[in-house]
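Descriptive analysis of the structure
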Amino acid sequence: MDDAQLAQVESLCETLYTGVSTATSESISREEAQSRLLSLQSSASFIPQCQYILDRSKSQYALLVASNSLTELITTHWNNFTIAQRIDIRNYVLGYLANNGPNLQDFVTLSLIKLVCRITKLGWFDDTTHRELTEDVTKFLQATIDHCILGLKILNQLVDELNIPTSGRTLTQHRKTSVSFRDLCLFKIFQLGLTTLKQLQTRQITANHQQEVILGEQALALTVRCLNFDFIGTNPDESTEDVGTIQAPTNWKSVIQDPGTTDLLLDFYANTEPPRSNKAMEAMILICSVRRSLFPSDKDREIFLGRVMSGIRELLKNQTGLQHQDNYHQFCRLLGRLKANYQLSELVKTEGYLEWLELASSFTTQSIRNWQYSTNSIHYLLALWGRLVAAVPYVRPDTGAKGHVQALETHVLNVTECYIESMLGSVETVLRSDGALEDPLEDDGSLMEQMDRLPTICRFQYRSVTNIIIAKFDPLMDKYRELMGHLMTSSTDNAPQNVAQQVAILEGQLAWLTYIVGAIVGGHSWSSSRIGDGEETLDASLSKRVLQLAQGIDYRLTSSNGVGKADPKLEVALLYYFQNFRRVYMFMWEQASGSNSVSNMGGMKLESVPSAKQKVYQNMFEHMGLGDHTVVANLIVTKIGKNLKFWPDEEDIIAKTLELLTDMAGGYSSSKLLLTLDTVKYLARHHTEDEFPFLTVSSNRHRTTFHAILTRLLLSPNGEEKLGLSFDEFMEPIVNSMLQLGALDSSQLRSEAARLPLIGVFRDLRGVAQSLHNRRTFGMLFDILEPRHTPLFAKVADLWYDQPDVMISLLRFMQEFCHNKANRVNFDQSSPNGILLFRATSDVVCAFGRKILTTGAPPNGGDLYKLKYKGMSIALSVLNSALGGNYVCFGVFALYNDPALDNALDISLQMALGIPLDHVIAFPKLSKSVFGFIEIMFKNHIKTTMALETNVFMQVMNAVHEGLQSSDAAISAMCANSIDHLATFYFENSGKDKPEVHNLNKHLAAQPNLFTSLTATLFNLLLFGAPQNHWAVMRPMLSLMLASESSFTAYKDHLMSTQDAVNRNLLNEAFNKLLADVSRNLESANRDRFTQKLTAFRVSTRGFLTL
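Residues numbered from 1 in each chain as written. Predicted model: local features only at pLDDT ≥ 70, side-chain atom pairs only at ≥ 80, totals over all residues. Heavy atoms only, no water.

**Here we look at the overall build of the chain**
- Each helix and strand in the chain was counted, giving 56 helices and two strands.
- When the backbone C-alpha atoms are referred to their principal axes, the chain occupies close to 95 × 90 × 75 Å.
- Per-residue burial for the chain yields a buried fraction of 54% across its 1107 residues.
- A separation threshold of at least 6 residues defines the contact pool for the chain, and within that pool the share at least 24 residues apart is 76%.
- When the accessible area of the chain is evaluated, it comes to approximately 47300 Å², of which 49% is carbon and sulfur surface. (Helix = DSSP H or I, 4+ residues; strand = E, 2+ residues; numbered from the N terminus. Buried < 20%, exposed > 50% of the residue type's maximum accessible area, 1.4 Å probe, protein only. Contact = heavy atoms within 4.5 Å. Areas by Shrake-Rupley, 256 points an atom, 1.4 Å probe, with all protein chains shown as cover.)

**Some points on helix α21 (residues 404-432)**
- Counted at 1.5 Å a residue, the expected span for α21 with its 29 residues is 42 Å, and the 41 Å between its end C-alpha atoms agrees.
- Of all the bends in α21, the greatest, near 25°, is centred on Ser426.
- Positive phi shows up at Asp434, right after α21, with a value of about 55°. (Expected span 1.5 Å × (residues − 1). Bend = angle between axes of the 7 residues up to and from the residue.)

**Observations regarding the state of the cysteines**
- Following the criterion strictly, the structure yields zero disulfides and no others.
- Sulfur of Cys288: no disulfide; nearest cysteine sulfur belongs to Cys332 and is 15 Å away.
- Owing to a relative accessible area of 2%, Cys288 belongs among the buried residues under this scheme.
- Cys458 takes part in no disulfide bond, and the closest cysteine sulfur to it belongs to Cys418, at a distance of 13 Å.
- Among the residues examined, Cys458 registers a relative accessible area of 1% and is labelled buried. (Disulfide = S-S within 2.5 Å.)

**A word on unusual backbone geometry**
- The omega torsion of the bond from Pro274 to Pro275 falls at 5°, within 30 degrees of zero and hence cis.
- Examined against the element boundaries, Pro275 turns out to sit in the loop between α13 (259-271) and α14 (276-288).
- Along the chain, Glu786 connects to Pro787 via a cis peptide bond; the corresponding omega equals 5°.
- You can see Pro787 is positioned in the loop between α38 (775-785) and α39 (790-799).
- Positive phi outside glycine occurs at Asp434, with the angle close to 55°.
- Mapped onto the elements, Asp434 comes out in the loop between α21 and α22 (444-458).
- What makes Asp434 exposed here is its relative accessible area of 71%.
- Its identity as a non-glycine residue notwithstanding, Asn886 has a phi of 60°, on the positive side.
- Mapped onto the secondary structure, Asn886 falls in the loop between α42 (864-883) and α43 (891-895).
- Assessed through its relative accessible area of 74%, Asn886 is described here as exposed.

**Section: the packing of helix α16 (residues 325-341) against helix α20 (residues 378-391)**
- With their axes 8 Å apart at the nearest point, α16 and α20 run at an angle of 15° to one another. By the angle between their axes, α16 is roughly parallel relative to α20. Helix-helix and strand crossings are classified by hand; for α16 and α20 the assignment is left-handed. Taken together, the residues of α20 that come into contact with α16 (itself represented by Tyr328, His329, Cys332, Arg333, Leu335, Gly336, Arg337, Lys339 and Ala340) are Tyr380, Leu381, Leu384, Arg387, Leu388 and Ala391.
- Here the residues of the contact of α16 with α20 are counted per class, giving nine nonpolar, two polar and four charged. (Axes fitted to C-alpha atoms, helices over the stretch in contact; angles between N-to-C directions. Parallel < 35°, antiparallel > 145°, perpendicular 65-115°, else oblique. Left-handed = near helix turned anticlockwise from the far one by under 90°. Nonpolar A, V, L, I, M, F, W, Y, C, P; charged D, E, K, R; others polar.)

**A few points about the layout of surface pockets**
- By volume, the largest pocket is sized at about 990 Å³.
- Lining the largest pocket we find 35 residues, and of these Thr75, Trp78, Asn79, Arg169 and Arg1102 sit closest to its centre.
- The set of elements that each furnish at least two residues to the lining of the largest pocket consists of α4 (60-76), α5 (83-100), α6 (106-122), α10 (171-201) and α51 (1010-1024).
- For the lining of the largest pocket, the class distribution of residues is 13 nonpolar, 14 polar and eight charged. (1 Å grid on protein atoms, 1.4 Å probe; cavity = no way out; pocket = protein on both sides within 12 Å on 5 of 7 lines; lining within 4 Å. Points joined across faces, edges and corners; volume = space filled by probe spheres on them.)

**Focus: helix α46 (residues 924-940)**
- Here α46 contains 17 residues, and its C-alpha end-to-end distance of 24 Å stays within 8% of the 24 Å for a straight helix at 1.5 Å per residue.
- Of all the 17 residues making up α46, 12 are buried; the element is thus mostly covered by neighbouring parts of the structure.
- Those residues of α46 hidden inside the fold are in contact with α42, α44 (900-914), α45 (917-922), α47 (942-946), α48 (950-964) and α49 (969-989).

**Here's the deal with the pattern of salt bridges**
- Counted according to the given criterion, the structure contains 47 salt bridges.
- Its salt-bridge partner being Lys645, residue Glu691 comes within 3.2 Å of it at the nearest N-O pair. Taken as a pair, Glu691 in the loop between α32 (678-685) and α33 (702-714) and Lys645 in helix α29 (residues 629-646) lie far apart in primary sequence, 46 residues in all.
- Residue Asp798 pairs with Lys851 through a salt bridge whose shortest N-O separation is 3.2 Å. Of this pair, Asp798 sits in helix α39 while Lys851 is found in helix α41 (residues 833-852), placing the two residues 53 residues apart along the sequence. (Salt bridge = Lys/Arg side-chain N within 4 Å of Asp/Glu carboxyl O.)

**Regarding the environment of Ile89**
- With respect to the secondary-structure elements, Ile89 resides in helix α5.
- Taking relative accessible area as the criterion, Ile89 reaches 9% and is therefore assigned buried.
- Filtering out sequence-adjacent residues up to four positions away, Ile89 remains in contact with Ile74, Phe81 and Ile119.

It is worth stressing that arrangement in space is one thing and function is another; only the former is reported here.
This is the structure in C-alpha cells:
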C-alpha cells in the first residue's frame, strides 16, 4: 500500500461513517464504500495493509476499519499464523496502544483492545506470553492517568472476551480457556479493580475530576464483571434481572470476607454520583450473593451478614443516595436479593434485625407512596416481604431476636395496607395529572410483577388483609351503585363532567381492588397442609364482592344495550380475576357435582363421603352466597358473552375474553361444566355477526379463535347431546353464507360487497377445522364442504388473487384443512375423498398461482411481501401439507390421466422459481415454504423433478446450493435433505434403464461439476461453518460420496494442496480415519457411524487447518 491508496481508503471510510464523500473525482454510496472496505477482511494477505493504515493514517475512521479488519482476519485465519507471528501481532497492537492510545477516539481504542483480547483468547494455550497479559497491563496502570484508564479498559474487555463464547469455537474449547483464565488471572484482575478504587478513595491517584470519574467507572465496571464471571460454566441467562448464586472460587474468600471490601463499595456508593454509585451498589448485590460454602464456618457467614445488614441500616437511616432513580432501583434489588441468599433463621440472629425490619418497612411504604418514581422497583420490595413471610413456618419463634414473628406480622400488614391505599390513591393522581403521569394500571408488565408477589404477602395475615380490602371495597361499591342509579342507561361520557370524573376514579379504584382480589384468590393453596385453615371463607367474601360488581356492570351494559359501559381497564381487571378464579375453583366441578351421589358396588349401596378438598370447595360457594358453582360459572360465562357482544372495537378486552373462554374450554372439568350452561348453548346457536359485532372487525383474527372454541366444546364427548345441537346445525350459518356467495356470478363475487363475507366465512371455517382432531370429526366437515362448496374456493382464488386480505384468509383455511394432524385425514380404502381433497387443493393453488405469476411488483413501492410473496408462501405451504399428508396415492393421477398433480407441481415450481433467490432468502417464512416444497419434490416426486428442462433443474439446484449455506438451521436442513434424496436416488439407480435416470444423466452431462460443487460446499460448511448447521450438512455427505467418489477425491486433493507439508500429513491421517470401516451402503447404522466419524474429523482438523 502507498500514500495514494491510503488516501483512497480514508475517503471510503469517511463516506461509510459520515455519508460525506471527500473524493472529488467520484461520488459513491455508503453501500459501495462498505463493500470495497470489506475486501480488507477477505484474505490474510491484507494484514500488512491494515498495519500500514494503523501506522500512517490520521483518520480515526480508517483506524477503526483497519482494527476491525485485523480482528476479523485473525479470528478467521488463526491457523495461518505461527505462534511467533501471533505474539508479534499482539505485541505490535499493545505497543501501538501504549504509544497512541491516549490520543485515539474511544471507538478506535475499544476496537484495538478487542483485537488484543481476541488474540489472547485464541492463543491462550500457545505460549505463556498470552497468559501474561495481566502483567503487561499492570505497566499501563502504573504509568500516566490516561494509560491507567486504558489499562482498566483492556482488563474489562479481557474479562468479557474470556467469559463470552466466540462463534466458530466449540463450547469445550471455550470452557477450557475460560477455566484456565479464571484460575490464573481473574482473581488478580479483581484485586486490581478494588486496588484502583482504594487508591481513588485515599487520593493516592492525582487526577482531575473528569479522570477520577472515568477511573471510578472503569474500576467499578471491572469489579462487577469479575463477580459476574461464569465461574462454573452454567451460562446464566442474562435476560433475567435477578442474580443467581455467585460461585466465587475459594481463594477469593479473603477479599470477600474482608470488611474493607464492603466498606469500600458502600463508601463509593455514598460519596459518588450515578453511574458510579449504582455500579458500586450492583457490586454489593453480587458480593451478597456469593455461595454459602465460601465461608469456612457459619460464624464467618454471620459476621459477613451482620456487616451487610449494618451497612444497609445506615443507608436506610440516612436515605443515602436514594434520591437518584438508578441508585434507588439497585438498592431495591439489594433488599430483594438479601432474603434470596440468606435464610430467615440467619437474618433474625443478626444484631439489629428488628431495627433493620422496621427501616425496611418504612422504606417500602415510603417507596409505595411515591409509586410514580418507583413503579419498576416496587416488585423487588414486595419480593423481599414475600420471601420473609414464606420462610416464617421454618423458623422457631424463639430463634434470634425476641418477638420477631410479631414484628414481621405488624410490618407486613403495614406494607400491605400502604400498597392498597397508595394504588387506590394513584387513580385520582393520574387523572388529575392530565396525561403527565403514566397510569400504573396500563403498565401490564410491572402490574403483573406486583400481582405475582401479592398472594404470599396478603395470605400471611389474611383475615386482617381481607378486612382492609372489604373496608375499602364496600363504600366504593355503594357509591358506584348510587352513581350508576343516576346514570341508568346513559353513557358515562354524556354525564356532567364532575360525575364522569367521579365515575372514572371509582372505576379505577375498583379495578385495583379487583386485580388485588384476583391475585390473592389465585394464590389459594390446595396443599394438604393448608386445607382446613378456613381461608376459602375469606376467598368467598372477597370473590362475592367482585362477582357482584361484575353482575352490576353486566346489568347496566345489558339494560342500556351496550351504551352504559364501564372503563375498559375495569373490564380487563375482571377478566384477570375470572382467570385466577377459574384456575383455583373450577377444576372440581365433576367431583363436587357427584360428591353426594350414591354408588352401587357389588350389590351394596355406598354413599360416598366428600373429600377434604370437596368440603373446602363446597364451603367456598356456600359462603359466597350467590348459588352453587354452576350459577357462578354461568355468571362468568354470561360476562364473557356480554363482552363479546358489546365491546367489538376493544381489541384487548375481546382477546382476553376469548383467552379466558379458551382456557375454560380446555380444562377437563371446566369444559364439562360449560356444556351445561345456557349461555354456552346460546353462543353455539348464535355465532353470527348480528349477535356478536366483533366478528365483523376484519383486522382481527378473533372469529377464528371463537369458532375453534365453540367447535371444540360441541365435539367434546356428549357435546352435541348436552348442547342440544348437531354439528350440521352448528355449521348452518356458515353454510348459508357459502350458498349465498356460491350463487353469485363472477362480477358480483368480485364486488366489494362480497369481501367481508368471504373473509368471515374462511376465518370461521379455519376455526372449525382447527378443532377437528380425529377421523370422525374431520369427515363431518369434509362431507359438508365436498362437493357442494369446494368449487367456490377455486373461484375465489381466481377472482381475488390480488387482494391479500381475502386470499390470506382462504389460503390459511386451506392450509389448516389439508393438514393431516393426528392422522385425522384418514378415509376408507374404497373412498375417493383423499383424491377429491387434493384435487380441490390443487384447484385453489393453481387458480391463485396462474394469476399471481402474471402480476408484477406492486405500484408505488408497496409492501412486496404483504401484497405478493405472503400469498405465494402460504400457497406453497398448503401444497406442502397436501403432498406430505399421506392421504393420497399420487400414482393414480398419472394412471388415469388426471392433470391435478402435474398442474399443482408445475404452478408451484413456477412460483418457487419465479421469486428472485435473494428475496426468498430475505423472508424466513417464504424461504421455509419454497425449500420445503423443493424437498418434497426430491423426496416424493423425483420422476417429475428429473423430467424438468435442464436449465430449470439447474435453477432448482442453484437455489438448494444457496439455501444450504443459510444461517437458519431449518432451511439448511431442508436443502441438505434435498441433496440427500438426489444423491441416494443416483447411487441406488445409477446404471438402471429408467427415464428418470436418463434425465438425471442428461442434467449431469450439461453440468458435470454439480456433485463436485455440492461436496465442496458441504465439507466447507462442516469444517468452517456455524455450529448450528453441522448436523444438517452431515446427513447427505455419505450418499453424496457414494454417488460421486470422484467429487470427494477432488475436494480432498484440493484441501491438501492448500496446506503445508506438516498439515498435509495430519489431514491425510484424518481422512484415512474418516473412511475406515465405512461400508458402501446407505443403511441407517452405516449412516450413523459415518456421521459420528465426521464429527470427530471436524474436531481434529479444526485445530490445524489453515484457510
